[in-house]
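A closer look at the structure
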Amino acid sequence: MTERPLFYALLKTAQKRVERWVEAEAAQIEGVTAAQAGLVLFLGRSDGAAIGDAAEALDVAPSAMTGLVDRMTRAGYVERRPDPTDGRGQRLYLTEQGWSARERAVALLDDLNQRMSDGLSAEDATIVARWLEAVAGKFSREDLTHD
């Protein structure tokens, strides 16, 4: 009988190594962290998003997102504007500097995807992506909250 691979250990090791690589590469984007690169990538697709939507998309706690947005606002990458439909809400927009950082983050992501898919056929890459999506779906935030 063949033992199954230790998926958790493999995922954890791969995640940590990829995170270290991304942090090192993201630092070359005018000192942007990986988390900040994630936000500029998200806002590049959803400029004007609510803070809560950005937090959900990046899978971070709203309080952590508020701190991230504060740092990015001070650094000149993001600006807050009042939400026209919610008097208490705010929307996030990339500044010119934020759009520039996004362009460099897209290049970093392209490089990362190329490195991660080296040696994989298109079919294998599709299978890996489908498996990772399935795993993520099985452990969603909603599944982790207990009534």
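Residues numbered from 1 in each chain as written. Predicted model: local features only at pLDDT ≥ 70, side-chain atom pairs only at ≥ 80, totals over all residues. Heavy atoms only, no water.

**A few points about the overall build of the protein chain**
Helix and strand counts for the protein chain stand at seven helices and three strands. Counting from the amino terminus, helix and strand elements in the protein chain follow one another as α-α-β-α-α-β-β-α-α-α. With the principal axes as the frame, the protein chain shows a C-alpha extent of 60 × 45 × 25 Å. Counting only residues that meet the buried cut, the protein chain has 27% of its 147 residues in that class. When the accessible area of the protein chain is evaluated, it comes to approximately 10300 Å², of which 55% is carbon and sulfur surface. (Helix = DSSP H or I, 4+ residues; strand = E, 2+ residues; numbered from the N terminus. Buried < 20%, exposed > 50% of the residue type's maximum accessible area, 1.4 Å probe, protein only. Areas by Shrake-Rupley, 256 points an atom, 1.4 Å probe, with all protein chains shown as cover.)

**So, the layout of surface pockets**
Sizing a probe to match a water molecule and rolling it over the atoms shows the empty space that remains. Taken as a whole, the largest pocket spans an internal volume of roughly 2000 Å³. Forming the walls of the largest pocket are 45 residues, and the residues nearest its centre are Gln15, Val18, Glu19, Met116 and Leu132. Counting only elements with at least two residues in the lining of the largest pocket, the list comes to helix H1 (7–26), helix H2 (34–45), helix H3 (51–58), helix H4 (62–75), helix H5 (96–117) and helix H6 (122–138). It is H1 that contributes the most residues to the lining of the largest pocket, 11 residues altogether. A class-by-class count of the residues in the lining of the largest pocket yields 33 nonpolar, four polar and eight charged. (1 Å grid on protein atoms, 1.4 Å probe; cavity = no way out; pocket = protein on both sides within 12 Å on 5 of 7 lines; lining within 4 Å. Points joined across faces, edges and corners; volume = space filled by probe spheres on them. Nonpolar A, V, L, I, M, F, W, Y, C, P; charged D, E, K, R; others polar.)

**Description of a nonpolar patch on the surface**
Taken together, the side chains of Phe7, Leu10, Leu11, Leu120, Val128, Trp131 and Leu132 define a hydrophobic patch exposed on the protein surface, amounting to about 580 Å² of accessible area. Residue assignment for the nonpolar patch shows that the elements contributing at least two residues are H1 and H6. Its location among the elements puts Leu132 in helix H6. The class for Leu132 is partly exposed, based on a relative accessible area of 38%. (Patch = residues over 30% accessible without salt bridge, like charges linked within 9 Å, V, L, I, M, F, W, Y side chains within 5 Å. Salt bridge = Lys/Arg side-chain N within 4 Å of Asp/Glu carboxyl O.)

**Details of the sheet that holds strand S2 (residues 78–83)**
The strand order across the open sheet built from three strands is S1-S3-S2, with neighbouring strands paired in antiparallel fashion. Both edges of this open sheet fall to strand S1 (49–50) and S2, since each of them pairs with a single strand only. Along the sheet, H4 makes contact with S2 and strand S3 (86–94), crossing S2 at roughly 120°. (Pairing = 2+ DSSP bridges. Contact = heavy atoms within 4.5 Å. Axes fitted to C-alpha atoms, helices over the stretch in contact; angles between N-to-C directions.)

**So, the packing of aromatic side chains**
Two aromatic rings, taken as a pair, are described by how far apart their centres are and by the angle between their planes. Applying the stated criterion across every chain yields a total of one aromatic pair. Ring centres of Phe7 and Trp131 lie 5.3 Å apart, and the angle between their planes is 45°; on these two criteria the pair is classed as tilted. Linking Phe7 in helix H1 with Trp131 in helix H6, this pair joins segments that are 124 residues apart in sequence. Judged by its relative accessible area of 40%, Phe7 falls in the partly exposed class. For Trp131, a relative accessible area of 33% corresponds to the partly exposed category. Of note, Arg81 hangs over the ring of Tyr93, and the distance from its end group to the ring centre comes to 3.9 Å. (Phe/Tyr/Trp six-rings, centres within 6.5 Å; stacked < 30°, edge-to-face > 60°. Lys NZ or Arg CZ within 6 Å of the ring centre and 35° of its normal.)

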